Amino acid sequence: MKYINAKELLPRELVEELQRYIQGGYLYIPANDEQRRCWGELSGCREKLRQRNREIQMEYGNGSTVECLAGKYFLSEHTIRKILYQNL
């Protein structure tokens, strides 16, 4: 997340009003519900994990063991099992 100086973005009157409540700190302004995205959607991480999980399921279906997959993907055996059984 990139920080923006309020003086560069907001009207002077609004900056002065905000300064009555907080000075020199950070203020988080959440997005509207309509604009909110799920974790990983903007960065593409969510889709990368979906693809990795599909690969794990496919390899398991082709005979790879849970232990082998855990080593290959640097995940615990418990996590591999969760991935394998998530769509059952």
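Please refer to the structure higher up on the page.
Attention here is on the structure that accompanies the text. Along each chain, numbering runs from 1 in the same order as the chain's sequence is written. Two thresholds apply to this predicted model, a pLDDT of at least 70 for residue-level local features and 80 or more for giving and counting side-chain atom pairs, whereas whole-chain, interface and lining totals are computed over all residues. The side-chain figures draw on all heavy atoms in the structure; neither hydrogens nor water molecules are used.

Quick word on the overall build of the protein chain
Comment: elements are numbered from the N terminus, with helices defined as DSSP H or I runs of at least four residues and strands as E runs of at least two. Of the regular secondary structure elements, the protein chain holds five helices and zero strands. When the helices and strands of the protein chain are listed from N to C terminus, the series reads α-α-α-α-α. With C-alpha atoms as the basis for the radius of gyration, the globule rule is written as 2.2 Å multiplied by the number of residues raised to the power 0.38. Computed over its C-alpha atoms, the radius of gyration of the protein chain comes to 22 Å, more than 25% above the 12 Å expected for a compact globule of 88 residues. If you line up the protein chain on its principal axes, its C-alpha atoms span 65 × 25 × 20 Å. Exposure categories follow from relative accessible area, calculated using a 1.4 Å probe and restricted to protein chains: below 20% of the type maximum is buried, above 50% is exposed, and the middle band is partly exposed. Burial status across the protein chain gives 14% buried among its 88 residues.

Description of the nonpolar core
With eight residues, the main nonpolar core is built from Ile56, Val66, Leu69, Ala70, Tyr73, Ile80, Ile83 and Leu84. Listed by contribution, the elements that provide at least two residues to this core are helix 4 (66-73) and helix 5 (77-85). Among the elements that take part in this core, helix 4 stands out by supplying four residues, more than any other. Two residues qualify as a contact provided that any one of their heavy atoms is within 4.5 Å of a heavy atom in the partner residue. Non-local contacts of Ile83, meaning those with residues more than four positions away in its chain, are made with Arg52, Asn53, Ile56, Gln57 and Leu75. By convention a nonpolar core is built from buried Ala, Val, Leu, Ile, Met, Phe, Trp, Tyr and Cys residues, the set being connected through side-chain atoms within 4.5 Å.

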